[in-house]
Amino acid sequence: MPRVLAIGDVHGCLDELQELLHQAEGQFDAIVFVGDLIDRGPKIIETVDFVYELSGRMDVTVIRGNHDDKFCRWAKQSIVHALENGKVPGIKAKNMPDWQVGSVQGRDEHSSSAPLLCSVLDDHNVRRAYEHIEEMTAETYYLKWGEFIFVHGGIPADWYDFPTSRGGMRQLMYTRHVNATTGRALSLGKQTDEDPYWASVYDGKFGHAIFGHQIHDLGDEDLMYEHATCLDTGCAFGVALTGIVVDTDTGERLNRVTVLATEEYARPRNWYSAKSGIQKAGDK
Ligand SMILES: [Mn+2]
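Reading the values: rules and limits
- Residues numbered from 1 in each chain as written.
- Predicted model: local features only at pLDDT ≥ 70, side-chain atom pairs only at ≥ 80, totals over all residues.
- Pairing = 2+ DSSP bridges.
- Helix = DSSP H or I, 4+ residues; strand = E, 2+ residues; numbered from the N terminus.
- Axes fitted to C-alpha atoms, helices over the stretch in contact; angles between N-to-C directions.
- Core = buried A, V, L, I, M, F, W, Y, C linked by C-beta atoms within 7 Å.
- Buried ≥ 20, exposed ≤ 12 C-beta atoms within 10 Å, placed from the backbone.
- Contact = placed C-beta atoms within 7 Å.
- pLDDT = per-residue confidence, 0-100.

**Considerations on the sheet that holds strand E2 (residues 30-33)**
Stage number 1. With mixed pairing, five strands are arranged side by side in an open sheet as E3-E2-E1-E8-E9. Each edge of the sheet is formed by a strand with only one pairing partner; in this case those strands are strand E3 (59-62) and strand E9 (253-260). Neighbour-to-neighbour, the strand axes of the sheet open up by a mean angle of 20°, direction not taken into account.
Stage number 2. Pairing geometry for strand E1 (residues 3-7) and strand E8 (residues 240-247), over five bridges, is antiparallel. Each residue of the ladder has a partner; that of Leu5, found in E8, is Val245.

Have a look at this one:
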């Protein structure tokens, strides 16, 4: 009976992650992170180091989140640039979108778009984080395991099979709303009031989906859809880190583990409630 602990968007909240693992101790045989290890929170490098080390001693899968993907694409470009120019990549905030470090001195504490203050991070740390994220998440855009499918963002309602194209993988990382008529994934902000959130219309054809990406309210009625369960409860935004233990053979959701955030590390740009819908748009 494989018992899997799935964990929502960590976003650099290492203390809460360690507390969650402590609370779930003895209840699971494997871990699946549904993506977004980095950005926003206070301990980004340390989180990547910790998860990488964990993956060396137990069964850990890290689904690639949109923030992980964006960072890796940036880092890869920087490194390629450096190799071509014979220089170690410089880390300039303006070149490093969305990498936000909460514990850095002088940071605008409540701006979710606060740039990285790169002087306190050396290149080796960032490069190591890049290499470890690449190694852990390369081509890992979803994981089908027994009765479940783990993804970061969502599954468009017009899919009858999983595409292998990069565009398809990108949709797994980014999907939120889908077109009410066609079921196609919509870019953020392109939805009308009629277009549903993907999880509310997903029919379970690929398995019960466990996902992150869009912050949901903490209540079970908000997190649980008929064929999907959301684990992103906005830890970096000061709410909570959520995990769930599932039995992949029976499809049972055995136990939910929620660790309240110690602090508000960043401010959200949007928030999803099953009752009220997305209240503010603009998140990436
Ligand atoms: Mn996220």
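**A few points about the nonpolar core**
The nonpolar side chains of a soluble globular protein tend to be buried with one another.
Stage number 1. Membership of the largest hydrophobic core comes to 65 residues, with the highest contact counts inside it found for Ala6, Phe33, Val34 and Phe150.
Stage number 2. No other element matches helix H4 (residues 123-137), which puts five residues into this core.
Stage number 3. For Ala6, the contacting residues outside a window of four places in its chain are Val32, Val34, Phe150, Ile210, Leu231, Gly243, Ile244 and Val246.

**Re unusual backbone geometry**
In terms of backbone geometry, most residues other than glycine have negative phi values and most peptide bonds are trans.
Stage number 1. Although it is not a glycine, Asp36 adopts a positive phi angle of roughly 65°.
Stage number 2. Take Asp36: it is sitting in the loop between E2 and helix H2 (44-57).
Stage number 3. Backbone geometry at Asp39 places phi at a positive 75°, although glycine is not the residue there.
Stage number 4. The topology assignment puts Asp39 in the loop between E2 and H2.

**Some remarks on the environment of Trp74**
Stage number 1. Structurally, Trp74 is set in helix H3 (residues 66-85).
Stage number 2. Here Trp74 falls in the partly exposed class, since 18 other C-beta atoms lie within 10 Å of it.
Stage number 3. Along the primary structure Trp74 and Tyr130 are separated by 56 residues, whereas in three dimensions their C-alpha atoms are 9.4 Å apart.

**Considerations on the environment of Met173**
Stage number 1. Mapping Met173 onto the fold places it in helix H5 (residues 166-174).
Stage number 2. Linking Met173 and Val34, residues 139 residues apart in sequence, is a C-alpha distance of 9.9 Å.
Stage number 3. Among residues more than four places away in sequence, those in contact with Met173 are Arg64, Gly65, Asn66, Asp69, Tyr141, His152 and Gly153.

**Here we look at the pairing of E9**
Each regular strand carries side chains that alternate between the two faces of the sheet.
Stage number 1. Judged from the seven bridges that link them, E8 and E9 form a sheet pairing that is antiparallel. Within the sheet, the bridge partner assigned to Ala240 lies in E9 and is Leu260.
Stage number 2. Where E8 hands over to E9, the hairpin turn is made up of five residues, of which Gly251 adopts a positive phi near 80°.

**With respect to the confidence of the model for the protein chain**
Stage number 1. Confidence in the prediction of the protein chain, expressed as mean pLDDT, is 83, and 77% of residues score 70 or more.
Stage number 2. Residue range residues 280-284 is modelled with pLDDT below 50. Its contacts to residues more than four positions away, or to other chains, number twelve contacts.

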